[in-house]
Amino acid sequence: MAESESGADKSEQPTEKRLRESREKGQLARSRELNTVAVTLGGIGGLLASGGSLAHSMMAMMRDSFDLSREALMDEATMSMLLLHSGIIALNAALPLLVVLLIVSIVGPISLGGWLFSAQAMAPKFSRMNPLSGLKRMFSAKALVELLKALGKFLVILTVALLVLNAYMDDLLSIAKQPLDLAIIHSAQTVGWCALWMACGLILIAAVDVPFQLWDNKKKLMMTKQEVRDEYKDSEGKPEVKSKIRQLQRAAAERRMMQAVPEADVVITNPTHFAVALKYDASGGGAPRLLAKGGDHLALKIREVAQEHQVTILESPALARAVYYSTELDQEIPAGLYLAVAQVLAYVYQLRQHRSGKGRRPDPLNDLPIPPELRK
């Protein structure tokens with residue numbers, strides 16, 4: 001199990017934030033062996049595909065360069081034109097191979113880890129100039145792995161090269177007996193196929209190196225339990241700070257509710273544990289809205305403010321609980337409570353008329369129609 005500099009075990013998987021930061025710093029799994037295989041195979045494949053035309057172009061360039069008249073040799077302008085012509089032939093012949101090499105040199109690195117441009121990775125790091133750090137890297141486990149890979153590459157390439165030379169021995173010897181033009185083409189093809197088989201040996205090294213680089217990069221990104229906790233605190237905020245923020249938010253919400261209670265038409269209570277303040281705007285055409293609600297101490301404060309501003313307080317435990325649990329602040333009551341709240345508001349209006357001397361006292365409300373699913 002990996003250990004951090006403090007000695008703690010890195011047993012936790014990297015978080016999304018850790019992965020994102022490592023990518024911004026350019027810390028991705030990269031395999032030089034995979035890049036080498038891609039460039040080598042791409043170059044050799046391009047050589048085999050364009051080897052015939054490349055050989056013909058070389059022969060044409062050599063023929064034009066050595067088959068010259070005496071007048072051309074003595075004319076500087078002719079020699080300059082001949083040099084330019086030879087350069088154009090060489091460029092046209094090598095252009096397909098160069099394009100293939102350009103493509104594979106881009107595809108190879110991004111095939112493992114994807115495309116990445118990191119300014120932080122390009123910034124100079126003066127810590128790498130420290131001789132002690134350099135010695136530490138030279139004698140590290142990673143340096144040992146690189147040494148073993150280099151030795152493995154040498155042995156694999158040597159073995160494949162001996163097998164290929166033994167298999168193509170007759171072809172190589174037969175080139176000496178062929179005409180010049182056929183010998184050049186045959187040589188290019190033979191060299192291309194020999195190089196291809198030797199490059200295939202690098203696939204074995206890459207097949208070992210790619211999983212190792214993925215494992216090594218993942219091991220570097222592993223986190224300790226303390227690092228995970230610290231990151232959570234940094235991203236989500238410290239618990240004591242979040243608790244203080246929630247406390248301030250609750251206090252602000254309570255102040256807003258207390259300011260809205262005097263505007264209510266009625267405050268319905270439990271009578272002691274719950275209190276809800278409702279208001280109905282007849283001109284708005286909507287349902288009654290919940291202006292304030294609270295339990296225990298907050299319910300007591302709502303009743304005190306209602307009494308202070310002469311807002312009607314009505315005891316209806318079932319309705320108070322139903323509104324409290326089913327309706328959020330500044331929202332309309334659910335449709336299932338329309339009839340019960342309408343009866344309450346009618347009672348409040350009749351009570352106001354009675355208090356002003358314009359009507360008889362209304363009968364007390366009993367058994368308000370509250371749907372079973374809204375009863376709490």
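Here the residue numbering is sequential within each chain, running from 1 through the sequence in written order. Only residues with pLDDT of at least 70 are given local features in this predicted model, and only at 80 or more are side-chain atom pairs given and counted; all residues enter the totals for whole chains, interfaces and linings. Excluded from the side-chain calculation are hydrogens and water; included are all heavy atoms of the structure.

Visitor: In this structure, what is going on with a nonpolar patch on the surface? I would like to understand it.
Guide: Candidates for patches are residues over 30% relative accessible area with no salt bridge; among them, like charges are joined within 9 Å and nonpolar side chains (Val, Leu, Ile, Met, Phe, Trp, Tyr) within 5 Å. In these tables, accessible area is a Shrake-Rupley quantity obtained with a 1.4 Å probe, and a residue counts as shielded only by the protein chains included in the view. The term salt bridge refers to a pairing of a side-chain nitrogen on Lys or Arg with a carboxyl oxygen on Asp or Glu at a separation within 4 Å. A cluster of nonpolar side chains, contributed by L91, L95, L98, V99, L102, I103, I106, V107 and I110, occupies part of the molecular surface with about 760 Å² of accessible area. Inspection of the secondary structure assignment puts V99 in helix α4 (residues 76-110). Whether a residue is buried, partly exposed or exposed follows from its accessible area with a 1.4 Å probe, protein chains only, as a fraction of its type maximum: under 20%, in between, or over 50%, in that order. A relative accessible area of 41% means that V99 is categorised as partly exposed. Where helices and strands are cited, they refer to DSSP runs of H or I of at least four residues and of E of at least two residues respectively, numbered from the N terminus.

Visitor: Before we go on, may I ask you to explain the nonpolar core in this structure?
Guide: Soluble globular proteins: nonpolar side chains tend toward being buried together. Side-chain atoms within 4.5 Å are what join buried Ala, Val, Leu, Ile, Met, Phe, Trp, Tyr and Cys residues into a set we call a nonpolar core. With 22 residues, the main nonpolar core has V266, I268, L278, L319, L337, V344 and I370 as its most contacted residues. Within the residue set of this core, elements represented by two or more residues are β1 (266-269), β2 (274-279), α13 (317-326) and α14 (338-355). In terms of residue count, α14 provides more of this core than any other element does, seven residues in total. Here L337 is in contact with L319, A322, V323, S326, I370, P371 and L374, once residues within four sequence places are set aside. Listed in part, the 16 residues of the second largest apolar core include A275, A292, A299 and V311. In what follows, a contact means two residues having at least one pair of non-hydrogen atoms within 4.5 Å.

Visitor: Hey, could you run me through the UniProt feature "transmembrane region" (unreviewed entry) in the chain in this one?
Guide: The sites that carry the UniProt feature "transmembrane region" (unreviewed entry) are, in the present numbering, residues 37-56, 101-123, 144-168 and 188-215. Secondary structure content for residues 144-168 is 96% helix and 0% strand, while the C-alpha to C-alpha distance between its ends is 36 Å. UniProt positions are given in the numbering used here, feature names are shortened, and annotations may be inferred rather than shown by experiment.

Visitor: Whenever I open this one, unusual backbone geometry confuses me. Can you help?
Guide: If a residue is not glycine, its phi is most likely negative; likewise, a peptide bond is most likely trans. Although it is not a glycine, D296 sits at a positive phi angle of roughly 55°. Summarising the element assignment, D296 is placed in the loop between β3 (289-295) and α12 (297-308). Exposure remark for D296: the relative accessible area of 48% places this residue in the partly exposed category. With a phi close to 65°, D330 is a non-glycine residue in the positive phi region. Looking at the element boundaries, D330 is found in the loop between α13 and α14.

Visitor: I would appreciate a short explanation of the sheet that holds strand β4 (residues 312-315) in the present structure.
Guide: Across a sheet, paired strands are connected by hydrogen bonds in the backbone, their directions being either parallel or antiparallel. At least two DSSP bridges between two strands are required for those strands to pair. Strand order across the open sheet formed by four strands is β3-β2-β1-β4, with mixed pairing between neighbours. Of all strands in the sheet, those with a lone pairing partner are β3 and β4, marking the two edges. Adjacent strand axes in the sheet meet at a mean angle of 20° when their direction is disregarded. As judged from the six bridges shared by β2 and β3, these two strands associate in the antiparallel manner. In this analysis an axis means a line fitted to C-alpha atoms, helices contributing only their contacting stretch, and an angle means the value between N-to-C directions, from 0 to 180 degrees.

Visitor: When you look at the side chain of S316 in this model, what are you seeing that I'm missing?
Guide: Along the chain, S316 falls in the loop between β4 and α13. In this view, S316 contacts I268, T269 and L368; residues no more than four positions away in its chain are not counted.

Visitor: Teacher, can you tell me more about the pattern of salt bridges here?
Guide: Pairs may arise between side chains of opposite charge once their charged atoms sit close together. The final tally for this structure, using the stated rule, is two salt bridges. Taking the shortest distance from any N to any O, the salt bridge between R289 and D330 comes out at 3.9 Å. Here R289, found in strand β3, pairs with D330, found in the loop between α13 and α14; they are 41 residues apart in sequence, far enough to count as distant. With relative accessibility at 56%, the residue D330 sits in the exposed group.

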